[in-house]
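If you want the building blocks of each chain, they are given just below.
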Amino acid sequence: MDNAQSGATKAATFPSAATLRAEYVDLKCPCKPDEKVAHMTLMSAPAQPAGLPDVDFKEVDRLLDDGRTLPPQFYVDPAIAELEDRLIFRTSWQLACTELELKQPGDFVTLTLSGVPLVVVRDTEHQIRALVNVCRHRAGRVVEAPDGNCKRLQCQYHGWTYRLDGSLQGAPGFREGLPPFETLGLRSVSVDTWRGFVFVSLEPKQSLQEQLGEVPRVMEEAGYDFPFAAGGADGLEAAGDYVADMQANWKLYHENNSDCYHCPTTHQDSFCRILNSSGIHFEPLNGGSSFSYLPLSDELLAMCPSDEDRRKLGYVQYIIWPNTYVITGHVGELWFRLDPHGPGVTHVVGRVYRRPGQQSAEMTAILDEASRATVLEDKAMIEGVQIGLASGYYEPGPTLPGREEAVRRLQRDIWNALRPVFTT
C-alpha cells in the first residue's frame, strides 16, 4: 500500500466525515490543487442551530457580572455544542502538529476537526498542505494512519491515488466522458505556520497572527525558545503521545487548567509535590488566550544541579484560543489540542518531548509519576462536575475573586463569542 510507514502513535477513532457539496460552475475548468476552491463549500451548521435552549442573555450577563458561573445548559445542551462548533471552532485556527512531525517530504499527520477528516502533509516542494482526507470518488478516507511517511496518498477503498500536493494522479478504470483529473484533486483548507507550530482552519475569519494576538510577545518575554522551530532546541526527543478522552465538556477542562484553587485538595500528593501551587501566576491575554506559571517545589529545587536550573520555572502554560495548549519548563515540552465531540466528550490529543539532560533520572521519574497521577485526578473531578451539571439540581455558583479570576475571564470570553445569537 502507498500509505506506508505508519508512525508509532495509536490510530484514533474519529467521527464520520463531514458531508461535502461540490457545485461545479464548469467541470472543464481546471483547478490547481493549491488554490482555494471557491465553488465548493463544507456543509456547515447554520448560524443559529435549531433547538437552541431558551437563554435570557440579560440573565447570563447578570450572572457573569456577579461572578457566578455559566448556566449548566452551556455544558450539556447539544444545540449549544453545535453553536460553539459553528461560531468558535470552525472559524478559528487550531494546532494540528509541529514541524518536527513534518520534517521530510511525505511526512503526514491526520486529524479530525468539526467532523472534517484532514491530512496535513509536507509535499515534494517542502510546502505544508492541509487536505480534506476524503476521496473525491466516493468519500472514502484516503489516509488511515495517524501519522507516518508516504510517497503518495492512496484511498484504500477503490485505489484512487493522489500526489502529495492533493492533485489526482491515478484512478483504476477511469474512462473518457468523466470529469477531468484536474477537477478531482483533494480539497484543501487553510494552513499556516508560526515558530514551528502548524495550524489549520476550516473557515478562518482572521489571520493566524491576528488570532494569536499577544501570545507571541508574551512567550518571547517569558524566555520561551520555540524548540519546535527550525534551529530550536538541539536534540529534542519525542517522549510519547498525550492522548486522553474526557467524559466532560471541553470548557470544564479549560476551567480546571485555569486555576489552582483545587490543587491543594485534589493534587496534594501529585501536582503539589512537584510544584509550588501557592506561587501560581496567571495572566489573561486578549482574545481568550492566557499565560500562567508555577515554580518547582522545594523538594525538586533541591535536585537541580545549578542555580540556573533552580531559576527555571517548573511549569509554564500557554493557552491559545480556543483549544491549544503549549506547556514548557522542567515538566518537559508538551503541546495538545482539545477536540469537543458533542457537549459531553472531549478528546485530548498531543505529544510530549524531552530536552536531553534537562533533569536527572530521579527527577524525571518523580515528574512522570506525579504528572500521570495529576491527569487521572483531574479527569475524575472534571467528569464528576459534568454529571453534576447534567443533574438538573445545579444553579450557577459563585467564583472566588482572585483565585478563580481565570475561570471568570474564560467564561466571559466564551459567552462573548456566543452572545450575539441570543440577542437577535
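None of the values given here were measured: they were computed from a predicted structure.

With respect to the overall build of the protein chain
Then step 1. In terms of helices and strands, the protein chain carries 12 helices and 19 strands.
Then step 2. Burial statistics for the protein chain: of 424 residues in total, 51% are counted as buried.
Then step 3. Excluding contacts between residues fewer than 6 apart, the proportion of contacts in the protein chain whose partners are at least 24 apart in sequence is 65%.
Then step 4. Just so you have it, the protein chain exposes about 19600 Å², and 50% of that area is on carbon and sulfur atoms.

Considering the confidence of the model for the protein chain
Then step 1. Summarising the model, the protein chain shows a mean pLDDT of 86, and 87% of its residues fall at 70 or more.
Then step 2. Note on residues 1–47: pLDDT under 50 across the span, and 95 contacts to partners over four residues away in sequence or across chains.

Observations concerning the environment of F197
Then step 1. Of note, F197 is situated in strand β12 (residues 197–201).
Then step 2. For the pair formed by F197 and E101, sequence separation is 96 residues and the distance between their alpha carbons is 10.0 Å.
Then step 3. When near neighbours in sequence (up to four residues on either side) are disregarded, F197 contacts L95, C97, T98, D192, Y224, F226, F228 and V326.

Describing the nonpolar core
Then step 1. One finds F74, Y253, F336, V348, W415 and F422 to be the most contacted residues of the largest nonpolar core, which totals 51 residues.
Then step 2. Setting aside anything within four residues of it in sequence, one finds F336 in contact with Y242, Y253, N257, N323, T324, Y325, I327, V348, V349 and G350.
Then step 3. In this structure, C97, F199, Y224 and L236 belong to the second largest nonpolar core, which totals 40 residues.

Some details on the state of the cysteines
Then step 1. A full pass over the atoms with the stated rule returns 1 disulfide.
Then step 2. A sulfur-sulfur separation of 2.1 Å characterises the disulfide bridge that pairs C260 with C263. Residues C260 and C263 share a disulfide whose torsion about the S-S bond is about -100°; that sign makes it left-handed. Per residue, the accessibility class of C260 equals that of C263, and both read buried.
Then step 3. Free cysteine: C135, not disulfide-bonded; nearest cysteine sulfur from C155 at 4.0 Å.

Remarks on helix α1 (residues 57–65)
Then step 1. Those residues of α1 lying buried are V60, D61, L63 and L64. Burial along α1 is one-sided: seen end-on, the buried residues are contained in an arc of 165°. Facing away from the buried side of α1 by over 90 degrees, the exposed positions are K58 and D65.
Then step 2. On its buried face, α1 sits against α2 (73–76) and α12 (405–422).
Then step 3. Of the residues flanking the start of α1, the one acting as N-cap is D56, its side-chain oxygen 3.0 Å from the backbone nitrogen of K58.
Then step 4. One or two positions beyond α1, positive phi appears at G67, with a value near 80°.

A look at empty space enclosed by the protein
Then step 1. Tallying each qualifying case throughout the model produces 1 cavity of 30 Å³ or more.
Then step 2. Space inside the largest cavity adds up to approximately 70 Å³.
Then step 3. If you go around the largest cavity, the residues you meet are S258, F282, P284, G288, S289, S290, I319, A406, R409, L410 and D413.
Then step 4. The greatest single-element share of the lining of the largest cavity, amounting to 4 residues, is contributed by α12.
Then step 5. Of the residues belonging to the lining of the largest cavity, the class tally is 5 nonpolar, 4 polar and 2 charged.

Let's talk about helix α3 (residues 78–89)
An α-helix turns once every 3.6 residues. As a result, residues three or four positions apart point the same way.
Then step 1. When we look at burial in α3, the residues that qualify are A79, I80, A81, L83, E84, R86, I88 and F89.
Then step 2. Contact partners of the buried residues in α3: α2, β3 (94–98), α6 (250–256), β18 (333–340) and α12.
Then step 3. With a side-chain oxygen lying 2.8 Å from the backbone nitrogen of A79, the N-terminal cap of α3 falls on D77.

What counts, and where the lines are drawn
- Residues numbered from 1 in each chain as written.
- Predicted model: local features only at pLDDT ≥ 70, side-chain atom pairs only at ≥ 80, totals over all residues.
- Heavy atoms only, no water.
- Helix = DSSP H or I, 4+ residues; strand = E, 2+ residues; numbered from the N terminus.
- Buried < 20%, exposed > 50% of the residue type's maximum accessible area, 1.4 Å probe, protein only.
- Contact = heavy atoms within 4.5 Å.
- Areas by Shrake-Rupley, 256 points an atom, 1.4 Å probe, with all protein chains shown as cover.
- pLDDT = per-residue confidence, 0-100.
- Core = buried A, V, L, I, M, F, W, Y, C linked by side-chain atoms within 4.5 Å.
- Disulfide = S-S within 2.5 Å.
- Arc of directions from axis to C-beta.
- Polar contact = N/O pair within 3.5 Å; in protein donor to acceptor, adjacent residues only side chain to side chain.
- 1 Å grid on protein atoms, 1.4 Å probe; cavity = no way out; pocket = protein on both sides within 12 Å on 5 of 7 lines; lining within 4 Å.
- Points joined across faces, edges and corners; volume = space filled by probe spheres on them.
- Nonpolar A, V, L, I, M, F, W, Y, C, P; charged D, E, K, R; others polar.

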